[in-house]
Amino acid sequence: MKVYYDLHLHSCLSPCGDEDMTPYNLVHMAALQGLQMIALTDHNSCLNCPAAMQVGEEAGVLVIPGMELCTAEEAHVVCLFPGLEQALRFSDYVRVHIPPIPNRPEIFGEQHIMNAGDGILGLEELLLTTASDIRVDRVAQLVHGYGGVCFPAHLDRPAYSVIASLGAFERAWGFHAAELTRAANPADYAAQFPVLEEMPLLCDSDAHYLENIMPAQAWLELESCTLPALFAALDGSQPCAWGRE
């Protein structure tokens, strides 16, 4: 079946995320846009995933707990997890692997930790946009240890992508999927980096504002709209058709 997805969304926990991007708002906007499966992937944290998953159950949208990890090379990698326990343990791990730099709300905005009813539970005091000390070539194995899958984000961007940071895309890094923005031509990137021909090239919104959440256009051909089916497609264990409309 075709499953319409957006696996790269930010909430108001991300310092660059709009305050209107509460878990409640973003999940319901995804539902209005016809998306069946989304992932909440705040910068270097999974602390708003519990609220988003609760809202998703009520709204009929599958919400996958995740994170956009900033590596030591300042490349972004989207990490997805099979459940809250694994996501929150990984979040704790990453928190001690980023610099202890306090957030400056007057510059970056507040980093809100929310509940499912739009209530503010607290504020994350560490700045979440800094680079961790985790290298790109360690991410896939590390995430797998938490039962998760991961893929490099927005390969075609001139900053915060593995290609921009390292000038390459290596099979040895262990990724089995990758992400391009809607502006990129997948065939061009597959021609430049042949390893990409073997994997789904995802197209996500990377939305930081409600109006940036895209209508249902990008799809994966999965056995079902479930997390195991998605992980089978993204970990290389099962071939997967993909496309955009």
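Use the structure listed above.
What you see is a predicted model; the values in this text were computed from it and never measured.

### A word on the overall build of the chain
Scanning the chain from N- to C-terminus turns up eight helices and 11 strands. Relative to the globule expectation of 18 Å for 245 residues, the C-alpha radius of gyration of the chain, 16 Å, shows essentially globular dimensions. With 245 residues in all, the chain has 54% of them scored as buried. Considering only intrachain contacts with a sequence separation of at least 6, the fraction spanning at least 24 residues in the chain is 73%. Charged side chains of the chain number 10 positive and 32 negative; the gap between the two group centres comes to 6 Å.

### Here we look at the packing of aromatic side chains
Evaluated as defined, the whole model comprises six aromatic pairs. Where Phe 90 meets Tyr 93, the ring centres are 6.4 Å apart and the plane angle is 25°; that geometry is what we call stacked. Of the two residues, Phe 90 and Tyr 93 both sit in helix 3 (residues 84–95), three residues apart, roughly one turn of that helix. Between the aromatic rings of Phe 90 and Tyr 146, the centroid separation amounts to 5.2 Å while the plane-to-plane angle is 80°, which identifies the pairing as edge-to-face. Of this pair, Phe 90 sits in helix 3 while Tyr 146 sits in the loop between helix 5 (136–144) and strand 7 (149–152), placing them 56 residues apart in sequence. Of the two residues, Phe 90 and Tyr 146, both sit in the buried class. Ring pairs connect the aromatic residues Phe 81, Phe 90, Tyr 93 and Tyr 146, which therefore count as one cluster. The aromatic ring of Trp 219 is capped on one face by Lys 2, whose charged end is 4.4 Å from the ring centroid.

### Some remarks on helix 1 (residues 23–32)
Those residues of helix 1 not exposed but buried are Pro 23, Leu 26, Val 27 and Ala 30. Seen along its axis, helix 1 keeps its buried residues to an arc of 95°; they face one direction. Against the buried residues of helix 1 lie strand 1 (2–9), strand 2 (37–43), helix 2 (49–59), strand 3 (62–70) and strand 5 (112–114). A positive phi of about 85° marks Gly 34, the residue just after helix 1.

### Section: the environment of Gln 36
With respect to the secondary-structure elements, Gln 36 resides in the loop between helix 1 and strand 2. Judged by its relative accessible area of 25%, Gln 36 falls in the partly exposed class. At a separation of 2.8 Å, a polar atom in the side chain of Gln 36 contacts the main-chain amide nitrogen of Tyr 4.

### Brief notes about the packing of helix 1 against helix 2
Relative to each other, helix 1 and helix 2 sit at 40°, their axes nearing to 9 Å. With respect to helix 2, the axis of helix 1 lies oblique. As for how helix 1 packs across helix 2, the hand of that crossing is right-handed. Between helix 1 and helix 2, the contacting residues are Pro 23, Tyr 24, Val 27 and His 28 on the first element and Ala 51, Ala 52, Val 55, Gly 56 and Ala 59 on the second. For the contact of helix 1 with helix 2, the per-class residue count stands at seven nonpolar, two polar and no charged.

### Description of the pattern of salt bridges
Considering all chains together, one arrives at six salt bridges under this definition. Across the pair Arg 104 and Glu 106 runs a salt bridge whose closest N-O atoms are separated by 3.1 Å. Note on Arg 104: relative accessible area 45%, which makes it partly exposed. A salt bridge links Arg 171 to Glu 198; the nearest nitrogen and oxygen atoms lie 2.8 Å apart. Of this pair, Arg 171 sits in the loop between helix 6 (162–166) and strand 8 (178–179) while Glu 198 sits in the loop between helix 7 (186–192) and strand 9 (201–202), placing them 27 residues apart in sequence. Accessibility expressed as a relative area gives 53% for Arg 171, which makes it exposed.

### Details of the pairing of strand 2
Burial runs high along strand 2: seven of the seven residues are buried. As paired elements, strand 1 and strand 2 share three bridges and run parallel to each other. If you follow Leu 9 over to strand 2, its bridge partner there is Leu 40. With helix 1 bridging strand 1 and its parallel neighbour strand 2, the resulting β-α-β unit is right-handed. For strand 2 and strand 3, the ladder comprises seven bridges, and the chain directions are parallel. Its bridge partner being in strand 3, Ala 39 is matched across the sheet by Ile 64.

Cut-offs applied
- Starting from 1, residues in each chain are numbered consecutively following that chain's sequence as written.
- Owing to the predicted nature of the model, reporting of local features is limited to residues with pLDDT of at least 70; listing and counting of side-chain atom pairs is limited to 80 or more, with chain, interface and lining totals taken over all residues.
- Processing note: side-chain calculations cover all non-hydrogen atoms of the structure and skip hydrogens and water entirely.
- Helix and strand assignments come from DSSP, with helices taken as H or I runs of at least 4 residues and strands as E runs of at least 2, each series counted from the N terminus.
- Note that the radius of gyration is over C-alpha atoms, with the globule rule given as 2.2 Å times the number of residues to the power 0.38.
- Classification of residues uses two cut-offs on accessible area relative to the type maximum, computed with a 1.4 Å probe and protein chains only: under 20% is buried, over 50% is exposed, and between them is partly exposed.
- By definition, residues are in contact when any of their heavy atoms lie within 4.5 Å.
- In summary, the charge assignment counts Lys and Arg as positive and Asp and Glu as negative, without counting His or the chain termini.
- Charged side chains are reduced to one point each, which is NZ for Lys, CZ for Arg, CG for Asp and CD for Glu.
- Any two of the Phe, Tyr and Trp rings considered here, Trp counted by its six-membered ring, make a pair once their centres fall within 6.5 Å; the pair's planes then place it as stacked at under 30 degrees, edge-to-face at over 60, or tilted in between.
- Geometrically, a charge over a ring is one whose NZ (Lys) or CZ (Arg) sits within 6 Å of the ring centre while staying within 35 degrees of the ring normal.
- Directions from the helix axis toward the C-beta atoms define the arc.
- N or O atoms closer than or at 3.5 Å make up a polar contact, with two conditions inside protein: a donor-capable atom paired with an acceptor-capable one, and, for residues adjacent in sequence, both atoms drawn from side chains.
- What counts as an axis is a line fitted to C-alpha atoms, over the stretch in contact for a helix, and the angles between N-to-C directions run from 0 to 180 degrees.
- For classification, angles of less than 35 degrees are called roughly parallel, those exceeding 145 degrees roughly antiparallel, those between 65 and 115 degrees roughly perpendicular, and all remaining angles oblique.
- Crossings are sorted by hand: turned counterclockwise from the far helix by less than a right angle, the near helix makes the crossing left-handed, and turned clockwise it makes it right-handed.
- For this classification, the nonpolar set comprises Ala, Val, Leu, Ile, Met, Phe, Trp, Tyr, Cys and Pro, the charged set comprises Asp, Glu, Lys and Arg, and every other residue, Gly included, is treated as polar.
- A carboxyl oxygen of Asp or Glu within 4 Å of a side-chain nitrogen of Lys or Arg is what we treat as a salt bridge.
- For two strands to be treated as a pair, DSSP must find at least two bridges joining them.
- If you view a crossover with the strands going away from you and the path from the first strand over the helix to the second runs clockwise, you call it right-handed.

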